[in-house]
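Read off the chains here:
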Amino acid sequence: MTSARVRAVGVLVTLAALAGLTACSPADKPVLAVRVVDGQPALVLAECAEFTADRISVYTVDVTPAERWTIDRDGGGEVRDVTFFAPPTGWTADEQTLTAFEPDTEYSVAAYGDRHNAVPVHFTLAEVTGLGPEQVLTGGTAGKRKAVTETAFRDKAKKAC
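For the structure given in this document, a descriptive report is provided here. (Residues numbered from 1 in each chain as written. Predicted model: local features only at pLDDT ≥ 70, side-chain atom pairs only at ≥ 80, totals over all residues. Heavy atoms only, no water.)

**Here's the deal with the sheet that holds strand β10 (residues 145–149)**
Read from one edge to the other, the open sheet built from five strands follows the order β5-β2-β1-β9-β10, with strand pairing classed as antiparallel. Of all the strands in the sheet, the pair left with one neighbour each is β5 (81–83) and β10. Strand-to-strand twist of the sheet, defined as the mean angle between neighbouring strand axes without regard to direction, takes the value 35°. Sheet topology note: the strand β1 (residues 32–37)/strand β9 (residues 135–139) ladder contains two bridges and is antiparallel. (Pairing = 2+ DSSP bridges. Helix = DSSP H or I, 4+ residues; strand = E, 2+ residues; numbered from the N terminus. Axes fitted to C-alpha atoms, helices over the stretch in contact; angles between N-to-C directions.)

**A few points about the layout of surface pockets**
Considered as a void within the structure, the largest pocket measures approximately 210 Å³ in volume. Of all the elements in the fold, those that place two or more residues in the lining of the largest pocket are β9, β10 and α3 (150–160). Broken down by class, the residue content of the lining of the largest pocket amounts to eight nonpolar, three polar and five charged. (1 Å grid on protein atoms, 1.4 Å probe; cavity = no way out; pocket = protein on both sides within 12 Å on 5 of 7 lines; lining within 4 Å. Points joined across faces, edges and corners; volume = space filled by probe spheres on them. Nonpolar A, V, L, I, M, F, W, Y, C, P; charged D, E, K, R; others polar.)

**Focus: unusual backbone geometry**
Excluding glycine, most residues fall at negative phi; most peptide bonds, likewise, are trans. Going from Thr 64 to Pro 65, the amide bond is cis rather than trans, its omega being -5°. Examined against the element boundaries, Pro 65 turns out to sit in the loop between β3 (55–60) and β4 (68–73). Positive phi is not limited to glycine here, since Asp 62 has a value of about 60°. Counting through the fold element by element, Asp 62 comes out in the loop between β3 and β4. Unusually for a residue other than glycine, Phe 85 sits at a positive phi of about 75°. Structurally, Phe 85 can be placed in the loop between β5 and β6 (91–96). A relative accessible area of 27% means that Phe 85 is categorised as partly exposed. (Buried < 20%, exposed > 50% of the residue type's maximum accessible area, 1.4 Å probe, protein only.)

**A closer look at the state of the cysteines**
Applying the stated criterion across every chain yields a total of one disulfide. Here Cys 48 connects covalently by a disulfide to Cys 161, the sulfurs 1.9 Å from one another. Because the sign of the S-S torsion sets the handedness, a value of about -105° for the bond joining Cys 48 and Cys 161 places this disulfide among the left-handed ones. Residue Cys 48 is located in the loop between β2 (40–45) and β3, and its partner Cys 161 is located in the segment after α3; the two are separated by 113 residues in the primary sequence. Its relative accessible area of 5% is what places Cys 48 among the buried residues. (Disulfide = S-S within 2.5 Å.)

Functional significance is not addressed by these values, which are geometric in nature.
In structure tokens form, the structure reads like this:
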């Protein structure tokens, strides 16, 4: 190979490698879960040094138009538990078209941070109200969810952080 060809191949390999690096985004963190409190879904956030929620949104899935309840951290502190439809102190409601959970409707809850997002959790009212006293519902890929103990959820979140 001539030196010009070697340089050209080297440049192409370098550009391909850089393109691959810039295409990656940080993995979502498994720090969200849903549990039942007083017969209603409530959000649990595990402690994670690499994730602080700045925005939390719960919304209907496959419903047009989508209904949504979204809150933003407006100078408020970190939260570990959120009662839906009641913003924590220091958080403000941004969108409130969703005001109650209905049977036979699927929902998803997501939390967004400045460096990472959380793995969303899809759920129905029946799934959450059917959880045991020490169980939470966690999210996975493609809307999959799994009931686990709260201890197992926090252990998995700690390992991912």
